Amino acid sequence: MGNSLFANCCRQVTDLLFQPRSSGSPEERSPLLPKSPKSPKSPPSCAVVPEMPEAARCAGLYPDIIPSEAVTGTLQKGTEYIQDLPETKDKEGMVTVCDKSGLRAGVGTAGLLQRTEASRAVPVLPADLGDRPAGLGDHAQSLEACQSRVKLEDSGLAHRSCRREEHVAAADGSAGPGARSAGQGHGEGRVAVCLDTASVALDSVLRCRAPAPSPGSPGTPSSAVPSSAGQTLPAPSAVVPPVPPAEVSPKAQDTSASSSCDPDSQAQVLLSKQQQQKKKRKKKKLPLPEHPSGVALMNGSGPHDSLKGDKDAKQNGHEEADPGEDGNDQEVIVIQDTGFTVKICAPGIEPFSLQVSPQEMVQEIHQVLMDREDTCHRTCFSLQLDGNVLDNFAELKTIEGLQEGSLLKVVEEPYTVREARIHVRHIRDLLKSLDPSDAFNGVDCNSLSFLSVFTEGDLGDSGKRKKKGTEMEQIDCTPPEHILPGSKERPLCALQPQNRDWKPLQCLKVLTMSGWNPPPGNRKMHGDLMYLYVITVEDRHVSITASTRGFYLNQSTAYNFNPKPANPSFLSHSLVELLNQISPTFKKNFSALQKKRVQRHPFERIATPFQVYSWTAPQAEHAMDCVRAEDAYTSRLGYEEHIPGQTRDWNEELQTTRELPRKNLPERLLRERAIFKVHSDFTAAATRGAMAVIDGNVMAINPSEETKMQMFIWNNIFFSLGFDVRDHYKDFGGDVAAYVAPTNDLNGVRTYNAVDVEGLYTLGTVVVDYRGYRVTAQSIIPGILEREQEQSVIYGSIDFGKTVVSHPKYLELLEKTSRPLKIQKHKVLNDKNEEVELCSSVECKGIIGNDGRHYILDLLRTFPPDLNFLPVEGEEMPEECKKMGFPKQHRHKLCCLRQELVDAFVEHRYLLFMKLAALQLMQQKANKQESSAALENGASAENGAADSERPEAEDGKMDDGVSGLDQVKELAETIASDDGAVDPKSREVIRNACKAVGSISDTSFDIRFNPDIFSPGVHFPESSKEEVQDQKQLLKDAAAFLLTCQIPGLVKDCLDHTVLPMDGATLAEAMHQRGINMRYLGKVISFISKTPGRAQLDHIFKIGISELITRSAKHIFKTYLQGVELSGLSAAISHFLNCFLSSFPNPIAHLPADELVSKKKNKKRKNRNLGNADNTAWASMTPQELWKNICSEAKNYFDFSLECENADQAAEMYNLQKITLLREISLKTGVQILLKEYNFDNRHKPTFTEEDILNIFPVVKHVNPKASDAFHFFQSGQAKVQQGFLKEGCELINEALNLFNNVYGAMHVEICACLRLLARLNYIMGDYSEALSNQQKAVLMSERVLGIEHPNTIQEYMHLALYCFANSQLSTALNLLYRARYLMLLVFGEDHPEMALLDNNIGLVLHGVMEYDLSLRFLENALAISSKYHGSKSLKVALSHHLVARVYESKAEFRSALQHEKEGYTIYKNQLGEHHEKTKESSEYLKYLTQQAVALQRTMNEIYKNGSNANIMPLKFTAPSMASVLEQLNIINGILFIPLSQKDLENLKAEVQRRQQLQESMKSGEQLEAEDKVEEKEAEPSMPSAAIPLTQSSA
């Protein structure tokens, strides 16, 4: 079993790896070093290891030690000691948490794997993820050899043959703690990873403090993304030299020995190696770690900007760490420098140098060459050194004779059919590298990005080339009409502006497979592999033979086969060379295209992990594309031609990755990365399969049954439709229940995956909604298809509780999940009245597969039922619920509470528990001062044992409430540890508190739910009657909690603007984070309309209503589409949209032309059509009927009464925009429409025609695997920043970025959040160009991963504009702000609190460029919006008045200026008091304005009096300085710089720490939910005061 499993893993892994476009996902590669002239033997770098306090040693930043509180937001002890670093450490502080960074997964994959792979060429990512090469010529190297590491890394399984490791272990593990800190900026001693011994822990800590030698990069993985887009220099690398055994400390020796045998340690060693390699590519330029070099692209793929020119390289070609700043007792370790340069000699071009590192594999050089501009057209070649072919999977350091200056020859190899196809595919990818059609069509994980249209290319360089002086005159600041405040038009075309690069340079008219394929036998024996047909731009038609020796023209024509070579016969090894010879246009355009390709930002081209679909697209010509055609017809299940063997066994892959070891950080990274990769591949395959099923391209496994009951298997995935086929859900709501069950089940799978109990397996699950049908895709349990379900289920029930079985192993496994999931173990009765014990709901089934794994499935009732929507005979709901009209009958009985709600409820109960217990203790103390003193001493004594984590256990001082709570905590823990020493009174206290809050244990707080309560058909034994009663009460309390706490809490957060949804999706997210299901939407809206500050909630009300309307419409659309056959799809959708949005009173649907609808065929095929309605019933829908249905749906489902009979009334009544409704409905249903201007209000013709409907995409729900370690780092980084430790925060965030990159690859929502926060920190710390570069990546990533008009993208645009302004790129800043404003108008409209911030930004920038009138329009609009949403007395409004006053002053309209400034002054005086500095500033400014006004008046009087010969005093009109504008911009964007003295700083830190402790004891876990939205609403001056101090000191 072991072997086969291993072989399987390897196979899986290989599969994972090799996907034709994997090229796109750079996570797998590590870039080669860009070329750089070697500086003569660089001086060795040194790293300094500062001594550290004992405590710190144990604490260690090693994430493995991060205590779980990290999650709750309290800072781990681990990072705490950073605060006490001596200031000197400033320079690098603790750069090294980073160390983990690198742990890039698995360089070394099993040897076996390598072999399999060796057979494979890898398609390449379109070249150059370069962050803007300086000189194109050499750029090619800048190659982010994105590809490079391709395979191996992904491979997820790092067992490499042991032999190979030995010397590594020795090398890395050598020299005990010292050597470690050696070659490592932060990629340092990976070794730490290898030795899991105490010494290591300790010195990993040491390392953690080392002022790492890599200043520029606190966490950059190899990527070394250039800091401001352009200065990465190739850093000569540093590696620890192997140490002769004599010097190896004994400890290190054993580890090295052991490591070579035990696979885990091998993995570590590998990693460790890798790390060093990372280091090598570190950029050495910036002086401070705060400027993490661009940090972004993970594992490789870093856009190497390389070549910023050789001179830089010389300047700091040597890698010197500044000799430790705190010179006291530090060890200095010298590292030998081992990066080296090789010469590459390829046919037809000058030899060039390439910098490489010993850890790289030969394969990586291949990738570089396939991506370089001048060698990108070669795919089939080998590299030779002195005539010996190099093994693709050998590491360079293992190759004899390869050294500085060696010459590697590129030797063309003979083709095979496979190589020829890969070559043609690669050429096609190069030809299409700028073509956006894949992104519009939603294929291959391509998606759109428009940032470069607004920044005219890349920000960093091109911005700097402009001369600062001249920039002022050239700016045309006038925005398009539709962007101005008050404009009513909302054009759609501007959403996807035409990018100049898309008018692709046409190189060929047609390149396709010839109809003469495959070659007949006699030609095969002449070496013909396949035939191509090409039409050049000059209109020459040619046939090309691909033979083993290369490509040549043959004499075949479209109708005659003549394989003889044409005359003259050029034989070219590469298709590009051949085409260059026969078509001059091809030659010219192809090279221009490659130049452009290598200039694009890597983030515009890397594939996203999950497909993002665009809801609009321009009209595109459909061009011939041989690869696409071939893909469509070969059933390209997985990716056959790239996988040895057969289709992928998804279940085996998904489960094997879960079984990977996870004892330490490198293992966890490897494991999480493998899980993520398999998961995103599975999601993509499941989506394709689901579409194929609905489109009728897959044969059912039960073809004789009626269509709704059919099930399908395709590509080892099982598909079922969301209909209640066997009356399975009869008691739960039939088809409606069958429709929601899959999403509930998916939530269950997500939850169990998150708990991640070893030995318990769930199925890969993806839910796809497509064309009105819901398809569930699941991986297949081995053996399940061979047996009946009844026999295989050994735990749970297949008939909702009639027959129930249990199994000890399942109970044991599920028991482990019961605490985190708050599920109570309980007994139920089966049909024979026997008691059966379960630890889940009854319909959760346990099946042991043929692979011996314990699977659980049908997790649709993992969470307890929502009693507000489940009326039960004879049960009284609490008063609060009845008041709001609950319980209500819902369409199905599967309503569950969300996990977020369960967690919030338990949290709420915990606080209650603590308060109750504290009160009782206080009372006891008051009653019996003396005895309680004795008790306290007892308690705190034990407490030392029970709770060593709490050094500050207040020794019984119960004076303030906090320590009271602490005492309770101690007491509870002591009792739980069953210590007899607790006095009975205290036990009583805890027992009473437990009872009061409904805990299931009476000695400690423990709330759990029984998911089977109120489940129809489940019976409980008499013995547990009382328990069941308590459980019922708990469920009622939870239902009431949702209504009385969570909904009001949400509304309050909206009032405070801590939650700022901008569209339906962000509103849903805000509700879900608080555990509120969407079925409560009507209640939320009603609650808002009754709130006192109703006007300040206008925006939420409006979003709520449009969400309600579009969701109701979606429900109707779903059933509507089921009755439509494929040929009528576009007509049906356009008809529906006309009825929904057009003002045209009676749209008529166009049925497909009669001659196409043969009557006979219809009758015969009735059965095939999934819909049961007549196929043309849809055509009779009218707008009146649709809107009537929408209103009744809103009433039935959401319990909200809409008062409108058509779209116009709705828009009028609720102030909605039709374009926004169109966007919302398109996103929810997957419809893609043509990008053009739609006239919704024309009463004479319908808005949409069938030509306007371009496509319908699937809407996919899946699990999102998380990168746990990265997440901890991210949270601790945020916490640090909040405490004001910016530098440490920055380093932690950098580290998080590396780990995220490691797990997710380059593109992911969480990486986006990371980059945004980093950019903000860079900005605060004064490094504007770095801020710009990180924020640019954040914008690109947000566009690509979330969508070009997602609310987060809009905010990213605003931040980028601020950083552009700070970098004096004014016109770019304006363009970006205008883009953000346009998007916000489209997504929501003008009346939104964020719009005020946006308009203030625009107004300020315009003021800075002296466009006063325009500036006033925006600022006055912002003032109006702020007054509405923040109240006319708020400080934001005062600030707005001040900004408007400044513009009036610049225009010399002093009267208006005075009026506004007075308003502001009044607000400051009332809110802050006379003596506040803001009030004083304002009063100073008022005096100044008054003087100016008086002076002006005098001058005017003088002119009136004396006419032309008046003696005029020159007036001072000040154009605002850029610095003052920037200062105001910072203030409105919530970035405050407060100058502080050292003493203030100390006090502030102390204060912050005190508060932090106070908060921790108050709320142990609320920050968990905030995590996903790192959005700390930045516009509020919410950088907590603490963040402020350092800003100044570093700025």
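Placed above this text is the structure.
This write-up is about the structure you can find in this document. All figures in this text were calculated on a predicted structure; none of them were measured in a lab.

Rules used in this analysis
Every residue gets a number counted from 1 within its own chain, in the order that chain's sequence is written. Whole-chain, interface and lining totals are the exception, using all residues; otherwise, since this is a predicted model, local features are given only for residues with pLDDT of at least 70 and side-chain atom pairs are given and counted only at 80 or more. For side-chain calculations, the full set of non-hydrogen atoms in the structure is used, while hydrogens and water are omitted. Any two strands between which DSSP finds at least two bridges are classified as paired. Helix numbering and strand numbering both begin at the N terminus, where a helix is a DSSP run of H or I of at least 4 residues and a strand a DSSP run of E of at least 2. Whether two residues are in contact is decided by their heavy atoms, any of which lying within 4.5 Å being enough. Geometry is summarised by axes, namely lines fitted to C-alpha atoms with helices restricted to the contacting stretch, and by angles between N-to-C directions that run from 0 to 180 degrees. By definition here, a helix of n residues has an expected span of 1.5 Å times n minus one. Burial classes: relative accessible area under 20% of the type maximum marks a residue as buried, over 50% as exposed, and values in between as partly exposed (1.4 Å probe, protein chains only). N or O atoms within 3.5 Å of each other form a polar contact, as long as, within protein, one can give a hydrogen and the other can take it, and as long as residues adjacent in sequence are counted only when both atoms are side-chain atoms. When a carboxyl oxygen of Asp or Glu is within 4 Å of a side-chain nitrogen of Lys or Arg, the pair counts as a salt bridge. Throughout, nonpolar core names a set of buried Ala, Val, Leu, Ile, Met, Phe, Trp, Tyr and Cys residues whose side chains join them through atoms within 4.5 Å. Definitions used for this entry: grid spacing 1 Å over protein atoms alone; cavity, a set of points where a 1.4 Å probe fits but cannot get out; pocket, an open set with protein on both sides within 12 Å along at least 5 of 7 lines; lining residue, one with an atom within 4 Å of a point. Grid points are joined across faces, edges and corners, and a volume is the space filled by probe spheres set on the points. Polar here means any residue outside two lists: the nonpolar Ala, Val, Leu, Ile, Met, Phe, Trp, Tyr, Cys and Pro, and the charged Asp, Glu, Lys and Arg; Gly therefore counts as polar.

**Description of the sheet that holds strand 8 (residues 388-389)**
In space, the five strands of this open sheet follow the order 6-5-9-7-8, with mixed pairing throughout. Every other strand in the sheet has two partners, leaving strand 6 (352-356) and strand 8 as the edge strands with one partner each. Strand direction decides the pairing type here: strand 5 (residues 340-345) and strand 6, joined by five bridges, are antiparallel. In the strand pairing of strand 6, Ile344 is matched with Phe352. Where helix 15 (residues 362-371) meets the sheet, it contacts strand 5, strand 6, strand 7 (381-385) and strand 9 (407-412), and its direction lies at approximately 125° from that of strand 7.

**Some thoughts on the sheet that holds strand 24 (residues 854-857)**
Strand order in the open sheet formed by four strands is 17-24-23-20, with mixed pairing between adjacent strands. In this open sheet, the two strands that pair with only one neighbour each are strand 17 (760-761) and strand 20 (793-795). As paired elements, strand 23 (residues 845-848) and strand 24 share four bridges and run antiparallel to each other. Looking across to strand 24, one finds that Ile847 is bridged to Tyr855. In the packing of helix 29 (residues 808-821) onto the sheet, contacts are made with strand 17, strand 20, strand 23 and strand 24, and the angle to strand 24 comes to roughly 65°.

**Brief notes about helix 52 (residues 1435-1450)**
If you check helix 52, its first and last C-alpha atoms are 23 Å apart, about what 16 residues at 1.5 Å a residue would give, namely 22 Å. Helix 52 sits mainly inside the fold: 14 of its 16 residues count as buried. Sitting at the head of helix 52, Ser1434 places a side-chain oxygen 3.2 Å from the backbone nitrogen of Lys1436. Where helix 52 terminates, the next one or two residues include Ala1452, which has phi positive at roughly 65°.

**Concerning the pairing of strand 24**
Of the two faces of strand 24, the one lined by His854 and Ile856 and the one lined by Tyr855 and Leu857 are each fully buried. Relative to strand 24, strand 17 runs parallel, the two sharing two bridges. Residue Leu760 lies in a different strand from strand 24, and its bridge partner there is His854. The hairpin formed by strand 23 and strand 24 contains five residues between the paired strands, and Gly852 there has a positive phi angle of roughly 80°.

**With respect to the pattern of salt bridges**
Scanning all chains against the criterion turns up 71 salt bridges. For the salt bridge of Arg600 with Glu604, the shortest nitrogen-to-oxygen distance reads 3.9 Å. Considered together, Arg600 and Glu604 belong to a single accessibility category, that of buried residues. One salt bridge connects Glu659 with Arg853, and the closest N-O pair in it is separated by 2.7 Å.

**Some details on the nonpolar core**
With 285 residues, the main nonpolar core has Phe1140, Leu1202 and Phe1300 as its most contacted residues. Ignoring sequence-local partners within four residues, the contact set of Phe1300 consists of Ala1267, Ala1270, Phe1271, Phe1274, Gly1305, Glu1310, Ile1311 and Cys1314. Formed by 31 residues, the second largest nonpolar core is a distinct cluster that contains Ala420, Leu430, Leu434 and Ile544.

**What about empty space enclosed by the protein?**
In this model, the largest cavity occupies a volume close to 140 Å³. If you trace the largest cavity, you find 14 residues lining it, with Leu654, Arg658, His679, Asn753 and Gly764 closest to the centre. Every element with two or more residues in the lining of the largest cavity is listed here: helix 25 (650-659), helix 26 (665-694) and helix 27 (734-755). Per element, the largest residue contribution to the lining of the largest cavity is four residues, and it comes from helix 25. Here the lining of the largest cavity is built from residues that sort into six nonpolar, seven polar and one charged.

**Some details on unusual backbone geometry**
Following Asn517, the chain continues to Pro518 via a peptide bond in cis, the omega torsion being -15°. Looking at where Pro518 falls in the secondary structure, it is placed in the loop between strand 10 (508-513) and helix 21 (521-524). For the bond from Phe886 to Pro887, the omega torsion is 0°, close enough to zero to count as cis. Structurally, Pro887 is set in the loop between helix 30 (879-883) and helix 31 (899-927). Notably, Asp539 is not glycine yet its phi reads approximately 70°, a positive angle. With respect to the secondary-structure elements, Asp539 resides in the loop between strand 11 (528-536) and strand 12 (541-547). Positive phi outside glycine occurs at Lys822, with the angle close to 55°.

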